[in-house]
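# Residue-level structural notes
For reference, the chains in residue letters:
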Amino acid sequence: MSVLVVGLSHKSAPVAILEQAAVSGDTLAKLLRDVALADPVAEAFVVSTCNRVEVYADVDRFHAGVTAICDLLARHGGMPAAELTPHLYVHYEDRAVGHLLGVTCGLDSVVVGEGQILGQVRSALKLAGEHGTVGRALSELGRLALRVGKRARAETGIGRAGQSLVSVALELAAARLDGTGADGTRPTLAGRGVLIIGAGSMSALAATTAARSGAAGIAVANRTRRHAERLAAQVGAKVAALADLPAAMAAADIVISCTGAAGHVITREAAAAALAARPAVRGKGPLVFLDLAMPRDVEPAVAGLPGVAVIGMDQLSEHGAAAGADDVTAVRSICEAELAAYRSAVDAARVAPTVVALRAKAATVVDAELARLAGRLTADGLSGHALDEIAQTVRRVVDKLLHAPTVRVKELAGSPGGEEYAAALRVLFDLDPRAVEAVTRAATEQEAHGDPERAAEEVHG
């Protein structure tokens, strides 16, 4: 089996395509299940954020796997495959693993180095675990990605600026209101009112960032009021009624919307009503809409209203901040080293059944010969202690003779034609193929019946 990733992101597709391909909630769970049921797929998980949709799968056939996943992405996005395919990228085996490591470290994000992606990858693995679509291969890969993501943030300055998609968006919004100060300082939200529509993780991050940026007042509106109340309590905000959205927007300078709604939450009509009421309430600068949802929450026609500025994912892609070149280089070095170690472990695991079968055959031969020797020497009056010493010596000799070839075959497993070395061992020592298969089968069954709770804890972090 081999790891395959098929996906699209802000680097490969325009916002309109990303918006249509976006999956969340029940749709995400359905896509995950459908991918896992595809004939070439053994395991799968899906990373779906506002800037990417990526399917990771363990497949036994490359072309069949790519075709099946492309078709499912198109079907769940409600678009023809011919329309989606030009925007998809495909990575396989080492490149797929390397891509996941880079994504989890934030190297492929709109804001390079942002930390939210680490939690999003963890959530993707958790969802796949809950639906039973990940097994040994992708669980190990998931643990690797999360470990590398943590290493990158602990050992480099990739996240030193503390920037995220939300912080960059709010900085752009503040600049639309006030511009950059004469002294070159970054604009802030001091004295500004912020309305947040939604109460999910992105909304929580927006509320926290706005409060930290000095917003004069924050209000939260959400379809489920108790969720809005819980988020508002965390940042000392007020709760606004979603049913009276125009009035809530009129009282704000910046409206941040990041819901999972299928349709537009902020219509042209509602925005126009807010603008009509706004002069009596606010009146300084435009009404700025930050649309952080995918699909979009703000109806495109809103941008045509006078006195309005709309900042969406397309603008954020253009203004994505970059981490320092040294930090990016350091993170890439970590990813490369971890990928090399992962590849070596995979290669060693591939020849392990042959090594185990060889040692088992040697042990069987040693035991048989020692039993024969013991029967003959006991009759000659040799003590049990002496027999034990002889047995230990014979076993040590055999272990030392086998040590070099078994270690060397693991080292050579990752070289071109590495499997041929294991095949040579099987031929030279006349190993029964059924014995090798039995070792593989036993290892697989042991992994399948291991401690799932511990494995889940390691994956979900």
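A short tour of the structure in this document, coming up. (Residues numbered from 1 in each chain as written. Predicted model: local features only at pLDDT ≥ 70, side-chain atom pairs only at ≥ 80, totals over all residues. Heavy atoms only, no water.)

### Examining the side chain of Ser-2
By the element assignment, Ser-2 lies in strand 1 (residues 2-9). Using a relative accessible area of 14% as the deciding quantity, one classes Ser-2 as buried. In this view, Ser-2 contacts Ala-57, Asp-58, Val-59, Tyr-92 and Glu-93; residues no more than four positions away in its chain are not counted. (Helix = DSSP H or I, 4+ residues; strand = E, 2+ residues; numbered from the N terminus. Buried < 20%, exposed > 50% of the residue type's maximum accessible area, 1.4 Å probe, protein only. Contact = heavy atoms within 4.5 Å.)

### Some points on unusual backbone geometry
Residues Met-294 and Pro-295 are joined by a peptide bond in cis, for which omega reads 5°. Mapped onto the elements, Pro-295 comes out in the loop between strand 9 (287-291) and strand 10 (308-311). Positioned with a positive phi, Glu-93 is a non-glycine residue whose angle comes to about 50°. The partly exposed category is assigned to Glu-93, whose relative accessible area is 36%.

### Looking at the pattern of salt bridges
Considering all chains together, one arrives at 18 salt bridges under this definition. In this structure, Glu-338 engages Arg-147 in a salt bridge whose closest nitrogen and oxygen atoms are separated by 3.0 Å. Of this pair, Glu-338 sits in helix 14 (residues 325-379) while Arg-147 sits in helix 7 (residues 136-155); the two residues are 191 residues apart in sequence, bridging distant segments of the chain. Residue classification places Glu-338 among the buried residues on the basis of a relative accessible area of 10%. Residue classification places Arg-147 among the partly exposed residues on the basis of a relative accessible area of 41%. Arg-151 serves as the salt-bridge partner of Glu-338, at 2.9 Å between the closest nitrogen and oxygen. Residue Glu-338 is found in helix 14, and its partner Arg-151 is found in helix 7; the two are separated by 187 residues along the sequence. Classification of Arg-151 as partly exposed rests on a relative accessible area of 25%. Through salt bridges with shared partners, a single ionic network connects Lys-11, Arg-52, Glu-54 and Asp-108. (Salt bridge = Lys/Arg side-chain N within 4 Å of Asp/Glu carboxyl O.)

### Details of the sheet that holds strand 5 (residues 193-197)
Backbone hydrogen bonds hold the strands of a sheet together, and the pairing may be parallel or antiparallel. Pairing in this open sheet of six strands is parallel, and the strands run 7-6-5-8-9-10 from one edge to the other. Of all strands in the sheet, those with a lone pairing partner are strand 7 (238-239) and strand 10, marking the two edges. One ladder, built from four bridges, connects strand 5 with strand 8 (residues 254-257); its direction is parallel. The residue bridging Ile-197 from the neighbouring strand is Ser-257, located in strand 8. (Pairing = 2+ DSSP bridges.)

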